[in-house]
Amino acid sequence: MNAFSINSGYPQYSYYSSYNTPSYWQGQPVIPYTEQNDGADNTAKTVGLAALLQAMALGLQKGSQWFAKKLEAGKEFTSSQNVQNIADAMVRKNGLDVTVDYINEANRYKYAAYPNLYNEMGEVAKGRNAFYTDEFKLAVAPKSKPSLILHELGHAANTKNVFMKLLQKSRRYAVYAPMALLFASKILGKPENREKNFIERNAGILGFAAFLPTIIEEGAASLKGIKAAKNFPKQLLQGAMNLNILKRNYLFALATYILAGVGLGVAAKQTIIENS
Ligand SMILES: [Zn+2]
């Protein structure tokens, strides 16, 4: 699912789990099991675990799609004019140097010259995505779903904070967590009298931890958007707004990121198992 990203790098589960053993590790000696029977039991266990992890990865993907659909079907919390006014206030208040735009099929081609944004802009026009890119200082949301812009401007505001910006930048490296953990595990080797080292035992949680900064930054962006709507002067609102709808939509979006984090944990575990 692509909804609600800050760039095109939103990881799909399939990216994580398709790692092969790099050739430079294949010469490593395999540590044999001490007893034959234990070896057979362990092989059966490993096969069972691998199947379980595969089922989990599929389940997570389905779950993520479910939340993405809910987000796609979510109503707008107020009129598009109100959203635009709140967004403008957010830009002013945070001193953001950001181009804000609402995309449909008629105006998406304005950005045709931006490298790498062409396909994404198409998704935005269809109402399936919104994004902020720090590279081009550009925040866009679908014209049909303008309320997503407040979250994207939350990302833009996050770049003003050194710590939050760091969390945001970590996203591009998170997908390499399974490989990095495998590499670290090979360096670590096997502890004496134990079958598994620390990384092998905790691959799942370590993989999830690699995505945690992204989840936190996503949550912070949503909170900034919600706060901007909440603090917008009531006398300037034209017609009603229902903040609960906004909170609900943003929760669905966050849920997809949490599931992606769990997915990365599963992928890390899979990578370690396949290569041990
Ligand atoms: Zn986001």
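Note: the structure precedes this text.
Residues numbered from 1 in each chain as written. Predicted model: local features only at pLDDT ≥ 70, side-chain atom pairs only at ≥ 80, totals over all residues. Heavy atoms only, no water.

Strand order in the open sheet formed by three strands is β1-β3-β2, with mixed pairing between adjacent strands. With partners counted over all chains shown, the strands left at the sheet margins are β1 (99-103) and β2 (131-133), one partner each. Strand-to-strand twist of the sheet, defined as the mean angle between neighbouring strand axes without regard to direction, takes the value 15 degrees. Inspection of the sheet shows β1 paired to strand β3 (residues 138-142) by five bridges, in the parallel sense. For V100, the partnering residue across the bridge sits in β3 and is A139. This element, helix α5 (residues 148-158), spans β1, β2 and β3 of the sheet and lies at about 165 degrees to β3. (Pairing = 2+ DSSP bridges. Helix = DSSP H or I, 4+ residues; strand = E, 2+ residues; numbered from the N terminus. Axes fitted to C-alpha atoms, helices over the stretch in contact; angles between N-to-C directions. Contact = heavy atoms within 4.5 Å.)

On to the pairing of β3, then. Among the five residues that make up β3, five are buried, leaving the element largely enclosed by the rest of the structure. Neither face of β3 is left uncovered, since the one carrying L138, V140 and P142 and the one carrying A139 and A141 both have all their residues buried. The pairing of β2 with β3 spans three bridges and is classified as antiparallel. Counted as the bridge partner of Y132 is A139 from β3. (Buried < 20%, exposed > 50% of the residue type's maximum accessible area, 1.4 Å probe, protein only.)

Attention shifts here to the coordination of the zinc ion. At this site the zinc ion is bound by H151 (NE2), H155 (NE2), E218 (OE) and E218 (OE), with donor distances of 2.1 to 2.6 Å. Written as a sequence motif, the donor residues of the zinc ion are H-x3-H-x62-E. Taken together, the residues H155 in helix α5 and E218 in helix α8 (residues 198-231) connect sequence positions 63 residues apart. For the residue pair H155 and E218, the accessibility class agrees, reading buried in each case. (Donors = N, O, S within 2.8 Å, 3.2 Å for Na, K, Ca; no water.)

Attention now moves to the packing of aromatic side chains. Taken as a whole and judged by the stated rule, the model has six aromatic pairs. Summarising the aromatic geometry, the rings of F67 and F252 are spaced 6.1 Å apart at their centres and angled 40 degrees between planes, so their arrangement reads as tilted. Taken as a pair, F67 in helix α2 (residues 36-73) and F252 in helix α9 (residues 243-274) lie far apart in primary sequence, 185 residues in all. For F252, a relative accessible area of 10% corresponds to the buried category. The interplanar angle of 50 degrees and the centroid separation of 6.3 Å between the aromatic rings of Y109 and Y118 together place this pair among those described as tilted. Relative accessible area serves as the criterion here: at 44%, Y109 is assigned to the partly exposed category. Here a set of aromatic residues connected by ring pairs shows up, and it is made of W66, F67 and F252. The lysine or arginine in question, R108, covers the ring of Y118, its NZ or CZ lying 4.9 Å from the ring centre. (Phe/Tyr/Trp six-rings, centres within 6.5 Å; stacked < 30°, edge-to-face > 60°. Lys NZ or Arg CZ within 6 Å of the ring centre and 35° of its normal.)

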